[in-house]
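Structural overview for review
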Amino acid sequence: MAEAEEWAVISVDDHVIEPPDTWTSRVPAKYKDRAPKVVERGDEGIAWDFDGDVRFFSGMMCSVDQLTETERRRIVPRFEDLYDGCSNVDRRLEDMDAAGVLASMCFPTMPGFGGTYLNLNTDRDLSYACIRAYNDFMTEEWCAAAPGRLIPAVLVPMWDPALAVKELERVAPRGVRSVVFSERPHHQGFPSLYDKDRYWDPLFAAAQEMDLPLSCHIGSSSRVDSPEDGDYLTHMSEVWLNAPYSMTEYIFSGTFDRFPDLRVVYSEASIGWIPYQLQTMDRYYDDRPDWVDSTLRHRPSDYFGRNVFGAFIDDQVGIRFLEDLGADAVMCEVDYPHGDSIWPDVRKAIDAQLTGLPEDVQYKLRIANAERVYGFEPSGLGRR
């Protein structure tokens, strides 16, 4: 443990702003004009154009170097004006070194945090070509730049679980350590976790067999139940609420009884809500058997820390409930390069939250839990 003291954290939630040629340089020639590409829209700023669907960059997505509120909300006119660490892996590694980030798992940006936009295009051949291109970029370029520092997480085609398994089999030998997945896939028009035909079982079985946790980032459900005319503060304060719904659905659907070694990690949802939600689930499971016909093999709270794990950027409330949560069940995250990231003051931010906890508990939250849950062994500390 002593040699790791200079390293603040393994971050299980960061993001890559994909370079402009991520898809155009990798998809078959017939798809180059329809694949995601960066377009400049003058005063509106830069956007991704995927087969005619144009989505503008959010300033909060890429504002780690911008200090004032005005700068964080600014429109970026050209991709070259983004902070270099957003999409340049060498600069990213320099920033990780400087901040004490031992290793990092990055979620996608253009595809959506759960691969939504690539999955919902109706041309499935185009969509699959783009998912393959992203996975090739993530495994052969981004993470290959420093295999012991960058944790590969990949997308799957959600419209075809058998094809999703095939894609995992294709890329898993490259060191993949996680599947980027949706908190609540039924919000994207796919079957729910309760589907009577067990739509998701082939994918869950493969993830279990390959020892690949499902990483579910807030917003990966593609829908937040905020009023359309609500402001940004409302949206950001509510976006995490799909995580409690999702955890409840994974547990009560019996998913973990069918796949007892499957793991689900909630990224950027914080952890303070988890003890109350588990308490509520236990209450109805224990005290209302006449209301339900449950076949669960365990009490709901027993699945947390075995199948379900949490992660947090800044959650003082959650740390106060650590005894209820269990020190083996939660992990730290940095959220680089988003506007609410704790970079560059990673050590300071984490120290402020964990001060007073036993050293071995701190080490679990900072590093050891991520190593164990994701089955990832960092390279010699600081090496690339």
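Quick caveat, the model's predicted, so the values are computed rather than measured. (Residues numbered from 1 in each chain as written. Predicted model: local features only at pLDDT ≥ 70, side-chain atom pairs only at ≥ 80, totals over all residues. Heavy atoms only, no water.)

Here we come to the overall build of the protein chain. Across its full length, the protein chain holds 14 helices and 12 strands. Burial status across the protein chain gives 55% buried among its 384 residues. Long-range pairs, those at least 24 residues apart, make up 75% of the contacts in the protein chain between residues at least 6 apart in sequence. (Helix = DSSP H or I, 4+ residues; strand = E, 2+ residues; numbered from the N terminus. Buried < 20%, exposed > 50% of the residue type's maximum accessible area, 1.4 Å probe, protein only. Contact = heavy atoms within 4.5 Å.)

It is the contact of helix α4 (residues 124-142) with helix α5 (residues 161-171), at a shortest axis distance of 11 Å, that shows an interaxial angle of 25°. Relative to α5, α4 is oriented roughly parallel. The crossing of α4 and α5 is right-handed. Each of Tyr128, Arg132, Asn135 and Asp136 in α4 lies in contact with α5, whose residues at this interface are Leu163, Glu167, Arg170 and Val171. A breakdown of the residues in the contact of α4 with α5 according to their chemical character gives three nonpolar, one polar and four charged. (Axes fitted to C-alpha atoms, helices over the stretch in contact; angles between N-to-C directions. Parallel < 35°, antiparallel > 145°, perpendicular 65-115°, else oblique. Left-handed = near helix turned anticlockwise from the far one by under 90°. Nonpolar A, V, L, I, M, F, W, Y, C, P; charged D, E, K, R; others polar.)

Per the counting criterion, the structure on display carries 14 aromatic pairs. Pairing Phe181 with Trp200 gives two aromatic rings, centres 5.2 Å apart and planes at 85°, and the pair type is edge-to-face. Highlighted residues: Phe181 in strand β8 (residues 178-181) and Trp200 in the loop between β8 and α6 (201-209), separated in sequence by 19 residues. Like Phe181, the residue Trp200 is buried in the burial classification. Members of the aromatic cluster, connected to one another through ring pairs, are Phe181, Phe190, Tyr199, Trp200, Phe204, Tyr250, Phe256, Phe259 and Tyr303. A cation over a ring is seen here: Arg283 above Tyr284, with NZ or CZ 5.1 Å from the ring centre. Above the ring of Tyr303, the side-chain terminus of Arg306 is found at 5.3 Å from the ring centroid. (Phe/Tyr/Trp six-rings, centres within 6.5 Å; stacked < 30°, edge-to-face > 60°. Lys NZ or Arg CZ within 6 Å of the ring centre and 35° of its normal.)

Moving on: the pairing of strand β11 (residues 308-312). Here is the key point about a regular strand: its side chains alternate between the two faces of the sheet. Burial within β11 is extensive, with five of its five residues counted as buried. Burial of β11 is two-sided: the residues Val308, Gly310 and Phe312 facing one way and the residues Phe309 and Ala311 facing the other way are all buried. Taken together, the three bridges between β11 and strand β12 (residues 330-332) define a ladder with parallel strand orientation. Paired with Gly310 across the strands is Val330, a residue of β12. (Pairing = 2+ DSSP bridges.)

Moving on: the pairing of strand β2 (residues 37-40). With four bridges joining them, β2 and strand β3 (residues 46-50) adopt antiparallel strand pairing. Among the inter-strand pairings, Glu40 is bridged to a residue of β3, identified as Ile46. The antiparallel hairpin formed by β2 and β3 contains five residues in its connecting segment, where Gly42 sits at a positive phi of about 60°.

According to the stated counting rule, one finds 21 salt bridges in the structure shown. The closest approach of N and O atoms between Glu249 and Arg184, which form a salt bridge, is 2.5 Å. In this pair, Glu249 sits in helix α8 (residues 242-252) while Arg184 sits in the loop between β8 and α6, placing the two residues 65 residues apart along the sequence. You'll find Glu249 and Arg184 in the same group, each marked buried. Of the charged contacts in the structure, one is a salt bridge between Asp328 and Lys364, with a shortest N-O distance of 3.0 Å. One end of the pair, Asp328, is in the loop between α12 (322-325) and β12; the other, Lys364, is in helix α14 (residues 359-374), and 36 residues separate them in sequence. (Salt bridge = Lys/Arg side-chain N within 4 Å of Asp/Glu carboxyl O.)

A separate point is the nonpolar core. Counting residues in each nonpolar core, the largest one holds 119 residues, and the members touching the most others are Trp23, Met247, Val346 and Leu365. Considering every element that reaches this core, the biggest residue donor is α4, with 10 residues. Not counting chain neighbours up to four residues away, the residues in contact with Val346 comprise Ala8, Val9, Ala99, Val101 and Val334. (Core = buried A, V, L, I, M, F, W, Y, C linked by side-chain atoms within 4.5 Å.)

In the contact formed by α5 and α6, the axes pass within 8 Å of each other and the chain directions differ by 20°. By the angle class used here, α5 and α6 are roughly parallel. Judged by the sense of rotation from one axis to the other, the crossing of α5 with α6 is right-handed. Contacts between α5 and α6 pair Pro161, Ala164, Val165 and Leu168 from the former with Pro202, Leu203 and Ala206 from the latter. Residue classes in the contact of α5 with α6 are distributed as seven nonpolar, no polar and no charged.

Turning next to the sheet that holds strand β1 (residues 9-15). The pairing of strands in a sheet comes from backbone hydrogen bonds and takes either a parallel or an antiparallel form. Overall, parallel pairing links the three strands, which are arranged β1-β5-β6 in an open sheet. Each edge of the open sheet is held by one strand with a lone partner, namely β1 and β6 (150-151). The pairing of β1 with strand β5 (residues 101-107) spans five bridges and is parallel. Opposite Val9, over in β5, you have Val101 as the bridge partner.

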